[in-house]
Amino acid sequence: MRLEPEFKPILTDDGSTTLLHPRFGVPYSSRHGALTQATELYLKLTETHRHPCPKVLEVGFGLGVNFRVTLQDAMTRGVRLEYLAYEYLPVERRVLETVPLPLTPPAEAVWQGVLEGFAARSSPWVLEGPWGRLELRLEDVSTAVFPDLWASAIYLDPFDPGVNPEPWSPGVLQRLFGAAQPGARLATYSVAGALRRGLEEAGFAVKKVDLRQSLPQARKRFWLQARVPSSRA
Ligand SMILES: C[S@@+](CC[C@H](N)C(=O)[O-])C[C@H]1O[C@@H](n2cnc3c(N)ncnc32)[C@H](O)[C@@H]1O
């Protein structure tokens, strides 16, 4: 067995690796830092790193970078993690294995369990342990059913809207709002005007976040944070 040649590895600015997707022609994570994006954008802008019992809904499991960073944070803090990820084009195990991350041994042990289960391709696929629960649904979010009022955090992480527009559509954003707990936060790397309007129309309060406040060397300027009002119906 060998890695499909078209999944080209890219060394990102922080030293972590991502892959170029052969069909979409874009990388799975930011060229400016795959690990940094997972940590600073998805984990921290959603306040998942402070949550006592985080429930994360992810659009686009991809290479599991966001999952691994979130898992490691939760295990280090000793809090239970529930993680529900949607993915309509799962890669093979050997592709995932080309994107290692510097995890603690307990988090790496859980990740090895994910790699073993990933080969099964059943959906939903569930992995549970003392650390919490991962549920992977191999579904298209354009038609998937999300749980009601469930998520404390939403990681909106499809490919670039220019090549992968469906998951950014108003209908998906409205259903994501329906999946969020009061006070939940959504994070994403795109700050496109149509996305911001779609999120606001769905009910989120949207804020452009200047990366340079926390990452002075950042080459990308803005990320997006969206919040569900605490008083939501
Ligand atoms: C930017 S990558 C995600 C990277 C991932 N979050 C990580 O941490 O490695 C985008 C992912 O979204 C998935 N995706 C794109 N459109 C989708 C859709 N409509 N439904 C479900 N997954 C989708 C792609 O297959 C791809 O794996």
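Residues numbered from 1 in each chain as written. Predicted model: local features only at pLDDT ≥ 70, side-chain atom pairs only at ≥ 80, totals over all residues. Heavy atoms only, no water.

Caption draft 1: Structural context of the overall build of the protein chain. When helices and strands are tallied, the protein chain shows 6 helices and 10 strands. Rg of the C-alpha trace for the protein chain: 17 Å, near the compact-globule value of 17 Å for 233 residues, within the 12% margin. Along the first, second and third principal axes, the C-alpha atoms of the protein chain reach 50 × 40 × 35 Å. For the protein chain, the accessible area works out to roughly 10500 Å², and carbon and sulfur atoms hold 54% of it. (Helix = DSSP H or I, 4+ residues; strand = E, 2+ residues; numbered from the N terminus. Rg over C-alpha atoms; globule rule 2.2 N^0.38 Å. Areas by Shrake-Rupley, 256 points an atom, 1.4 Å probe, with all protein chains shown as cover.)

Caption draft 2: The packing of aromatic side chains, seen in detail. As enumerated under the stated definition, the model contains 12 aromatic pairs in all. Relative to Phe159, the ring of Phe24 lies with its centre 4.7 Å away and its plane at 35 degrees, an arrangement referred to as tilted. Pair noted here: Phe24 is in the loop between strand E2 (17-20) and helix H1 (34-45) and Phe159 is in the loop between strand E7 (151-156) and helix H5 (170-179), with a separation of 135 residues, a long-range link. In this structure Phe24 comes out as buried when scored by relative accessible area, which is 10%. Judged by its relative accessible area of 12%, Phe159 falls in the buried class. For the ring pair Tyr28 and Phe159, a centre distance of 5.1 Å and an interplane angle of 65 degrees mean the geometry is edge-to-face. Taken together, the residues span a long stretch of sequence, with Tyr28 in the loop between E2 and H1 and Phe159 in the loop between E7 and H5 at a distance of 131 residues. Here Tyr28 falls in the buried class, since its relative accessible area comes to 13%. Taken together through their ring pairs, the aromatic side chains of Tyr42, Phe61, Phe67, Tyr83, Trp111, Trp131 and Tyr155 make up a single cluster. Here Arg68 stacks its cationic end above the ring of Trp111, 4.0 Å away from the centre of that ring. (Phe/Tyr/Trp six-rings, centres within 6.5 Å; stacked < 30°, edge-to-face > 60°. Buried < 20%, exposed > 50% of the residue type's maximum accessible area, 1.4 Å probe, protein only. Lys NZ or Arg CZ within 6 Å of the ring centre and 35° of its normal.)

Caption draft 3: Representation of the pairing of strand E8 (residues 180-188) within the structure. Among the 9 residues of E8, 7 are classified as buried, and the element is accordingly described as predominantly covered. Relative to E8, E7 runs parallel, the two sharing 4 bridges. The residue of E8 that forms the bridge with Tyr155 is Ala187. Handedness of the E7-H5-E8 crossover: right-handed. (Pairing = 2+ DSSP bridges. Right-handed = clockwise from strand over helix to strand, strands pointing away.)

Caption draft 4: Representation of the packing of helix H2 (residues 65-77) against helix H4 (residues 105-118) in the model. In contact at an axis separation of 9 Å, H2 and H4 are set at 140 degrees when each is read in the N-to-C sense. Classified by the angle their axes make, H2 and H4 are oblique. Seen along the crossing, H2 lies across H4 with a hand that is right-handed. Judged by residue contacts, Phe67, Arg68, Leu71, Gln72 and Met75 of H2 engage Pro106, Ala107, Val110, Trp111 and Val114 from H4. (Axes fitted to C-alpha atoms, helices over the stretch in contact; angles between N-to-C directions. Parallel < 35°, antiparallel > 145°, perpendicular 65-115°, else oblique. Left-handed = near helix turned anticlockwise from the far one by under 90°. Contact = heavy atoms within 4.5 Å.)

Caption draft 5: The sheet that holds strand E4 (residues 81-86), seen in detail. The 8 strands lie next to each other as E5-E6-E4-E3-E7-E8-E10-E9, forming an open sheet whose pairing is mixed. Among the strands making up the open sheet, the edge pair consists of strand E5 (125-129) and strand E9 (205-210). Strand after strand, the sheet turns through a mean of 15 degrees between neighbouring axes, direction not considered. The pairing of E5 with strand E6 (residues 132-137) spans 5 bridges and is antiparallel. Pairing of Glu128 across the sheet is with Arg133, part of E6.

Caption draft 6: Fine view of the site of the ligand. Taken together, 20 residues lie around the ligand, and Gly60, Asn66, Glu87, Asp140 and Asp157 are the ones closest in. Between the ligand and Val65 there is a distance of 3.2 Å, counted from an oxygen atom to a backbone nitrogen or oxygen. Separating a nitrogen atom of the ligand from a backbone N or O atom of Val141 is a distance of 3.0 Å. When the ligand sits alone it has 600 Å² of accessible area, and the protein chains cover 99% of it. A breakdown of the residues in the shell around the ligand according to their chemical character gives 10 nonpolar, 5 polar and 5 charged. (Near = heavy atom within 4 Å. Polar contact = N/O pair within 3.5 Å; in protein donor to acceptor, adjacent residues only side chain to side chain. Nonpolar A, V, L, I, M, F, W, Y, C, P; charged D, E, K, R; others polar.)

Caption draft 7: The nonpolar core, seen in detail. By size, the foremost hydrophobic cluster in this structure holds 75 residues, and its most contacted members are Leu57, Phe61, Leu63, Phe67, Val114, Leu176 and Phe204. Other than its neighbours up to four places away in sequence, Phe204 contacts Ile154, Leu173, Leu176, Phe177, Leu186, Leu199, Ala226, Arg227 and Val228. (Core = buried A, V, L, I, M, F, W, Y, C linked by side-chain atoms within 4.5 Å.)

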